[in-house]
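The primary structure of each chain is shown beneath.
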Amino acid sequence: MSTHARPKPFLEAEYCKGCLRCIDACPKDCITPGTEINPATGFVAVELNLAACNGCALCMQACPEPFGLRPETERTCATGGFELEDPVAIFGKKEVDTFSEGDRPEELIALPACDPMVLKGTYASAIGALLAGCRHVFGYPITPSTEGGELMAKILPKLGGHFVQAVSETAAVNMMYGAGGAGVPCMTFTSGPGFSLMLEGISYMIGAEVPGVFVNIMRGGPGLGNLGPEQADIKLVCRGLGHGNTHAIVLAPGTPQEMLDLTIEAFDLAFLYRNPVVILGDGFLGQMTGVVNLPTHLLRPGLPAWAVHGDRAHRHNLICSIHLAEADLEAHNRHLNAKYARICAEEQRSESYRCDDADVLVIACNTPARMAQGAVEAARAQGVKAGLFRPLTLWPFPVDALLTLLPNVRQLVIVEGSPGQLEDELRLTLSHAGVTPPPITPVRHYGGVLPAESEILEFILVVQEALS
Ligand code: SF4
Ligand code: SF4
């Protein structure tokens, strides 16, 4: 028989979260729930009465806190448990915002004149984000979007910002949830498989009404697919943003300039509606270089009154997506639906090219729209009344502008790098509008192959021939 007494537990109340697991674990009923809130932690620590304690250690094994219940042999100071170290001595004085009253207004700061730059799409988006005041970027590298995050990792530390390469996309989106909830502009760069991993977090952000910008540079799918420039995620971003009643504005740039411009706009929209916004580009667009003009101003973002921020005015804010009472959750969904309806009414964007008298209307977005525009030019040179309608928002689909064109249109040609995901969006939107579309001719490629200008022209000429 052992002559050693087994050490009994001791507890420094500051390290107890009051989870009560130790009470269940103790066979001697030595531990009882506490009765007072610890002013240092806000928790109610348990109380120990160790008269019957046999030192079995079951409570210490059950305690999830690293400095919770521990053997008394580990006491290191006379007062009880541990010497509580002074965080100011370790980390220095905590810097806190001087803002203390509700909304901090945003501020526009003039930029010096600057020559046009030649930038690849992902860089243009990163610079747009910086000019929109984004200083918090979280991500996990994935081709063909990696360069955006890479540039941010180099620049942000010099601007007092933060780039965190997370352990996964799941972690990255939850970092965005935290940063967005604190009211600061934040973003990520990703691509199809990474975006799929973020969907749960995006649903949480939408449910909790947290802003954030997601740049998804689409690659070929499904699965790992390849690194080619598909438009494989249109359905996902327009109709499948995680569980529940979810929508986000989806912007579809077609040039590096638009990657910059629409990224700036994305931050504006994300805060206006307190909702994530997706920039949907394709692999070519992420990698291609183009001339980019910078705007005349950059933004110093404000601090919204709803943010959970570490100052007096914001401390009591609460952001979450849980509404346990059914009626509460229904009311929240009605509120979200009203927001979506407002977005649909006010945020449709598109560009029409030579559409006024077009009886063959080509519809395309992202890089395929560049080939489509060339094909429309070539068709016009042959006397064909062709035009290009380019959605800049895929959700909401710009149906109002399209409806003004359709009365003259006798044939639609939909050009895309996917098996009909853009066409599906178009058909669904027209169906909701109660409009039957003209006959549709699809021009589709997959796996990183995009429709060529000559091929699109051929389709335009064939449908024109059938019309005449
Ligand atoms: S050491 Fe064992 S007997 Fe003592 S308080 Fe913990 S669980 Fe109870
Ligand atoms: S298990 Fe640890 S943290 Fe939980 S109540 Fe007991 S001592 Fe506190």
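All figures in this text were calculated on a predicted structure; none of them were measured in a lab.

A.B. asks: I'd like a rundown of the overall build of the protein chain, residues and numbers included.
C.D. replies: Per the secondary structure count, the protein chain includes 16 helices and 20 strands. A globule of 468 residues ought to have a C-alpha radius of gyration of about 23 Å, yet the protein chain, at 29 Å, is considerably larger. If you line up the protein chain on its principal axes, its C-alpha atoms span 105 × 50 × 40 Å. Counting all 468 residues of the protein chain, 43% fall into the buried class. Across the protein chain, the fraction of contacts at a sequence separation of at least 24, relative to all contacts at a separation of at least 6, is 80%.

A.B. asks: Please provide a residue-by-residue account of the site of ligand 1, values included.
C.D. replies: Near ligand 1 there are 14 residues, and of these Cys-26, Cys-30, Cys-53, Cys-56 and Cys-59 occur at the shortest range. Here the shell around ligand 1 is composed, by residue class, of 10 nonpolar, 2 polar and 2 charged.

A.B. asks: Which residues make up the environment of Pro-66, and what are the values?
C.D. replies: Following the sequence through the fold, Pro-66 ends up in the loop between helix 2 (58-62) and strand 4 (70-71). For the pair Pro-66 and Cys-16, spaced 50 residues apart in the sequence, the C-alpha separation amounts to 9.8 Å.

A.B. asks: Hey, could you go over helix 4 (residues 121-131) for me, with residue numbers and the actual values?
C.D. replies: The buried count for helix 4 comes to 10 of 11 residues, which makes it a mostly enclosed element. Taken residue by residue, helix 4 has Gly-121, Thr-122, Tyr-123, Ala-124, Ser-125, Ala-126, Ile-127, Gly-128, Ala-129 and Leu-130 as its buried positions. Positive backbone phi, approximately 95 degrees, marks Gly-133, located one or two places after helix 4.

A.B. asks: Help me get a handle on the domain arrangement of the protein chain, residues and values and all.
C.D. replies: Domain annotation for the protein chain reports domain 1 (9-84), domain 2 (115-346) and domain 3 (352-467). Inter-centroid distance (C-alpha atoms) of domain 1 to domain 3 is 69 Å.

A.B. asks: Any chance you could break down the site of ligand 2 for me, citing the residues and the numbers?
C.D. replies: Every one of the 14 residues lining ligand 2 counts as a neighbour, but Cys-16, Cys-19, Cys-22, Cys-63 and Gly-68 are closest to it. Along the lines of polarity and charge, the residues of the shell around ligand 2 split into 9 nonpolar, 2 polar and 3 charged.

A.B. asks: Could you give me a rundown of the sheet that holds strand 20 (residues 440-444), with the residues and numbers involved?
C.D. replies: The strand order across the open sheet built from 5 strands is 15-17-16-19-20, with neighbouring strands paired in mixed fashion. Unpaired on one side and paired on the other, strand 15 (350-353) and strand 20 mark the two borders of the sheet. Here the average twist between neighbouring strands, direction ignored, is 20 degrees. By the bridge criterion, 4 bridges tie strand 16 (residues 360-363) to strand 19 (residues 411-416) in an arrangement that is parallel. In the strand pairing of strand 19, Val-362 is matched with Val-413. With respect to the sheet, helix 16 (residues 453-467) is in contact with strand 16, strand 17 (386-391), strand 19 and strand 20, its orientation differing from that of strand 19 by roughly 165 degrees.

A.B. asks: Give me the nonpolar core: which residues, what numbers.
C.D. replies: Soluble globular proteins: nonpolar side chains tend toward being buried together. Counting 105 residues, the largest nonpolar core has Val-250, Val-362 and Ile-460 as the members making the most contacts within it. Examining the composition of this core, we find that 10 residues originate from one element, helix 10 (residues 256-273), more than from any other. Residues within four places of Val-250 in sequence aside, it is in contact with Val-237, Cys-238, Val-278, Leu-280, Thr-393, Leu-394 and Trp-395.

A.B. asks: Go over the pairing of strand 16, please, and point to the residues and values.
C.D. replies: Residue alternation in strand 16 divides its side chains into two sets, Val-360 and Val-362 and Leu-361 and Ile-363, and both sets are buried. Sheet topology note: the strand 16/strand 17 ladder contains 4 bridges and is parallel. Its bridge partner lying in strand 17, Val-360 is registered against Ala-386.

A.B. asks: I'd like a rundown of the packing of helix 13 (residues 366-381) against helix 16, residues and numbers included.
C.D. replies: Contact geometry of helix 13 with helix 16 gives a least axis separation of 8 Å together with a crossing angle of 50 degrees. Classed by the angle they form, the pair helix 13 and helix 16 counts as oblique. Regarding helix 13 and helix 16, the two cross each other, and that crossing is right-handed. Contacts between helix 13 and helix 16 involve Met-371, Ala-372, Gly-374, Ala-375, Ala-378 and Ala-379 from the first element and Glu-453, Ile-456, Leu-457, Ile-460 and Leu-461 from the second. For the contact of helix 13 with helix 16, the class distribution of residues is 9 nonpolar, 1 polar and 1 charged.

A.B. asks: Which residues make up helix 16, and what values do they have?
C.D. replies: The end-to-end C-alpha separation of helix 16 is 21 Å, in line with the 21 Å expected for 15 residues at 1.5 Å each. Restricting attention to buried positions, one finds in helix 16 the residues Ile-456, Leu-457, Phe-459, Ile-460, Val-463 and Gln-464. For helix 16, the angular spread of buried residues about the axis comes to 160 degrees, placing them on one side. In helix 16, those exposed residues whose orientation departs by more than 90 degrees from the buried face are Ser-454, Glu-465 and Ala-466. Packing partners of the buried residues in helix 16 comprise strand 16, helix 13, strand 17, strand 19 and strand 20.

A.B. asks: Kindly report on the pairing of strand 9 (residues 186-190), identifying the contributing residues and their values.
C.D. replies: Counting buried positions along strand 9 yields 5 of 5 residues, so the element is predominantly enclosed. Side chains of strand 9 alternate between two faces, with Cys-186, Thr-188 and Thr-190 and Met-187 and Phe-189 buried alike. As paired strands, strand 9 and strand 10 (residues 212-218) are joined by 4 bridges and run parallel to one another. Residue pairing in the sheet places Met-187 in a bridge with Val-213 of strand 10.

A.B. asks: How would you sum up the environment of Ala-126? Please name residues and give values.
C.D. replies: Mapping Ala-126 onto the fold places it in helix 4. With 30 C-beta atoms counted inside 10 Å, the residue Ala-126 sits in the buried group. Each C-alpha atom of the pair Ala-126 and Asp-29 lies 59 Å from the other, and the pair is 97 residues apart in sequence.

A.B. asks: Tell me about unusual backbone geometry, residues and numbers included.
C.D. replies: Following Thr-143, the chain continues into Pro-144 via a peptide bond in cis, with omega recorded as 10 degrees. On the secondary structure map, Pro-144 appears in the loop between strand 7 (136-139) and helix 5 (146-155). One non-glycine residue, Arg-354, lies in positive phi territory at about 55 degrees.

Conventions adopted
- Position numbers for residues start from 1 in each chain and track the written sequence from start to end.
- Working convention: letters from A go to chains and numbers from 1 go to ligands, in the order in which they are written.
- Where totals are concerned, whole chains, interfaces and linings use all residues; where local detail is concerned, this predicted model gives features only for residues with pLDDT of at least 70, and gives and counts side-chain atom pairs only at 80 or more.
- Put simply, DSSP marks the helices as runs of H or I at least four residues long and the strands as runs of E at least two long, and each gets a number from the N terminus on.
- The quantity called the radius of gyration is restricted to C-alpha atoms. Its globule counterpart is 2.2 Å times the number of residues to the power 0.38.
- Each residue is classified by how many other C-beta atoms fall within 10 Å of its C-beta atom, where C-beta atoms are placed from the backbone; a count of 20 or more means buried, 12 or fewer means exposed, and values in between mean partly exposed.
- Any two residues are considered in contact once their C-beta atoms, placed from the backbone, lie within 7 Å.
- Residue proximity rests on one test: whether the C-beta atom, placed from the backbone, lies within 6 Å of the molecule or strand.
- Any residue that is not Ala, Val, Leu, Ile, Met, Phe, Trp, Tyr, Cys, Pro, Asp, Glu, Lys or Arg is counted as polar, Gly included; the first ten are nonpolar and the last four charged.
- What counts as a domain boundary in this text is fixed by an automatic or database domain assignment.
- Strand pairing is assigned whenever DSSP detects at least two bridges linking the two strands.
- Interaxial angles span 0 to 180 degrees and are taken between N-to-C directions of axes, which are lines fitted to C-alpha atoms, for helices over the stretch in contact.
- As used here, a nonpolar core is made of buried Ala, Val, Leu, Ile, Met, Phe, Trp, Tyr and Cys residues. They are joined through C-beta atoms within 7 Å.
- To sort the angles, those under 35 degrees are grouped as roughly parallel, those over 145 as roughly antiparallel, those from 65 to 115 as roughly perpendicular, and the leftovers as oblique.
- Put simply, a crossing is left-handed when the front helix is turned counterclockwise from the back one by less than a right angle, and right-handed when it is turned clockwise.
- How far a helix is expected to stretch is found by multiplying one less than its residue total by 1.5 Å.
- The directions considered for the arc are those from the helix axis to the C-beta atoms.

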